[in-house]
Amino acid sequence: MTNFPTEKFKELKTPFYYYDMSLLEDTLSLVKKESEKYDFHVHYAIKANANDRVLEKIRSKGFGIDCVSGYEIQKALEVGFSPDGIVFAGVGKADWEIELGLKHDIYCFNVESLPELEIINELAAKNGKKARVAFRINPNVQADTHHYITTGLDENKFGISMPDLESVLDRMKELENVQFEGMHFHIGSQITDLDNFKDLCTRVNELQEWFISRQLFPKVINVGGGFGIDYDDPQNNPISDFASYFKVFKDFLKLKAGQELHFELGRSVVGQAGNVISRVLYVKEGVKTRFAIIDAGMTDLIRPALYQAKHKIESLSASSDAKKVRYDVVGPICESSDSFGKAIDLPELKRGDFVALRSAGAYGEVMVSRYNLREEPQAFYSDDF
Ligand SMILES: *Cc1c(COP(=O)(O)O)cnc(C)c1O
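None of the values given here were measured: they were computed from a predicted structure. (Residues numbered from 1 in each chain as written. Predicted model: local features only at pLDDT ≥ 70, side-chain atom pairs only at ≥ 80, totals over all residues. Heavy atoms only, no water.)

## Brief notes about the overall build of the protein
Here is the rule we go by: For the purposes of this entry, the term helix denotes a DSSP run of H or I that reaches at least four residues, the term strand denotes a run of E that reaches at least two, and both are numbered from the N terminus. The reference for a compact globule is 2.2 Å times residues^0.38; the radius of gyration itself is calculated from the C-alpha atoms. Relative accessibility decides the category of a residue: with a 1.4 Å probe and only protein chains considered, values under 20% of the type maximum give buried, values over 50% give exposed, and everything between is partly exposed. Any two residues whose heavy atoms approach within 4.5 Å at even a single point are treated as in contact. Accessible surface area values rest on a Shrake-Rupley calculation with a 1.4 Å probe, where residue burial reflects the displayed protein chains alone. Charge counting treats Lys and Arg as positive and Asp and Glu as negative, with His and both chain ends excluded. Every charge is mapped onto a representative atom, which is NZ of Lys, CZ of Arg, CG of Asp or CD of Glu.
In terms of regular secondary structure, the protein is built from eleven helices and 16 strands. Whereas a compact globule of 385 residues would reach a radius of gyration of roughly 21 Å, the protein reaches 23 Å, a difference of no more than 12%. In terms of overall dimensions, the protein has a C-alpha envelope of 70 × 40 × 40 Å along the principal axes. For the protein, the proportion of its 385 residues judged to be buried stands at 55%. Of the contacts made within the protein by residues no fewer than 6 positions apart, 72% connect residues no fewer than 24 positions apart. Accessible area for the protein stands at about 17100 Å²; split by element, carbon and sulfur atoms hold 49% of it. Averaging the positions of the 47 positive and the 59 negative side-chain charges in the protein gives two centres separated by 4 Å.

Right under this line is the structure:
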């Protein structure tokens, strides 16, 4: 649970990100403990949050890292992550990004198409390297529980479709500068129903037999990320149930001798540790609604505007017995989508009050923009107060 040092906030310019570093620490410790029980390998998905202090803490715990661009690889290396813990995914890897990965001998390229495999092979040959590759396969587990071969997998831009997989494998056997490591999956994000991961395990079990029947042994199985967090009640449920999450894979995924299971967790690692702290600028009586206009906008936290995500809004200034008033909480940006919530009951707000937009640690600060030429929000950390 996060305690906000509201008195100290009074000296600071809003809006800003506030990171609860002890919650991050506790979350990381639990991920480590529960994954190490089964010798699972965890790569943190850096796209969720690339703040230096956050990355430094994650690195200090010894996790690997999952990158989806060359810039993320650069960042990971700068912060001191070891290249042999870097996995690199993405449907559109540019040549320079592949060459950067090759130069640093990153652990594995998660390959998403045949033309990409050809280019990785070509660039590896040019640079005198052999690239480790895993195939990203879209197992379509949420939409369909039928046998993998009967599902339509070709409509998604991510991953290699089942009909193509056979020819990709045949071609790979002819390529000299790529080495087969295993299979990669990532089925989606903010998944809270563990049955989805059970389904993934079933699909992986089937697929691995398919590979083995073609004389390819997947040494590594990477099941991606996607584990969700509790956006409704971050205060009482600040850490996702990693014990149950990892146990699903232990119980349902049939690992063979010599195989490693890898994960790429983003949101569930950092999501609850971050908050946007904002001040109320105006309370405006509309025709039908009462607006609370705050100084944070979609430039600081775009998830509500981008995909109607809900972040819990809390007043940090009012006493808990203050009477509740219903507000539409909106930002100052010139877009109607710049809204954080409609008909939210909050203790009566006044100009200057602090509000927190909770659970903003993942896909928050990394998506900050300077639209309307706004300043980027600063970040502050609980252990500095
Ligand atoms: C985004 C992403 C992740 C992390 O997803 P979360 O939902 O944040 O856990 C993992 N792997 C890949 C390939 C991704 O693109």
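## Details of the UniProt feature "binding site: substrate" (unreviewed entry) in the protein
Let me state the cut-off plainly: UniProt positions are given in the numbering used here, feature names are shortened, and annotations may be inferred rather than shown by experiment. Within 3.5 Å is the distance limit for a polar contact, defined as a pair of N or O atoms, with the added protein rule that one can donate a hydrogen and the other accept it, and that residues adjacent in sequence qualify only through two side-chain atoms.
Cross-referencing UniProt, the feature "binding site: substrate" (unreviewed entry) maps to Arg267, Arg303, Tyr307, Glu335 and Tyr363 in the present numbering. What stands out for the annotated residues spanning 97 residues is how far apart their C-alpha atoms range, the widest pair being 26.7 Å apart. Locating arginine 267 in the fold gives a position in helix H10 (residues 267–270). At 2.7 Å, the side chain of arginine 267 forms a polar contact with the side chain of tyrosine 231. Secondary-structure assignment places glutamate 335 in the loop between strand S13 (324–330) and strand S14 (339–347).

## Focus on the state of the cysteines
We apply this condition: Note on terminology: disulfide denotes any pair of cysteine sulfur atoms within 2.5 Å.
Taken as a whole, this structure holds zero disulfides when the rule is applied. As a non-bridged cysteine, cysteine 201 has cysteine 108 as the owner of its nearest cysteine sulfur, 19 Å distant. Classification of cysteine 201 as buried rests on a relative accessible area of 0%.

## Some points on the packing of helix H2 (residues 21–36) against helix H3 (residues 52–60)
The packing of two helices is summarised by the inter-axis angle and the distance between the axes. Rule in force here: Here, axes are lines fitted to C-alpha atoms. For helices the fit covers the stretch in contact, and angles between N-to-C directions go from 0 to 180 degrees. Angle categories: roughly parallel below 35 degrees, roughly antiparallel above 145, roughly perpendicular from 65 to 115, and oblique for all the rest. Left-handed describes a crossing whose near helix is turned anticlockwise from the far helix through less than a right angle; right-handed describes the clockwise counterpart. The residue classification treats Ala, Val, Leu, Ile, Met, Phe, Trp, Tyr, Cys and Pro as nonpolar and Asp, Glu, Lys and Arg as charged. All others, Gly included, are polar.
Orientation of H2 relative to H3, taken along the N-to-C sense of each, is 30 degrees, at an axis distance of 10 Å. As judged from the angle between their axes, H2 and H3 are roughly parallel. Crossing of H2 against H3: the hand is right-handed. Contacts from Met21, Leu24, Glu25 and Leu28 of H2 reach H3 at Arg53, Val54, Lys57 and Ile58. Residues that form the contact of H2 with H3 fall into these classes: five nonpolar, no polar and three charged.

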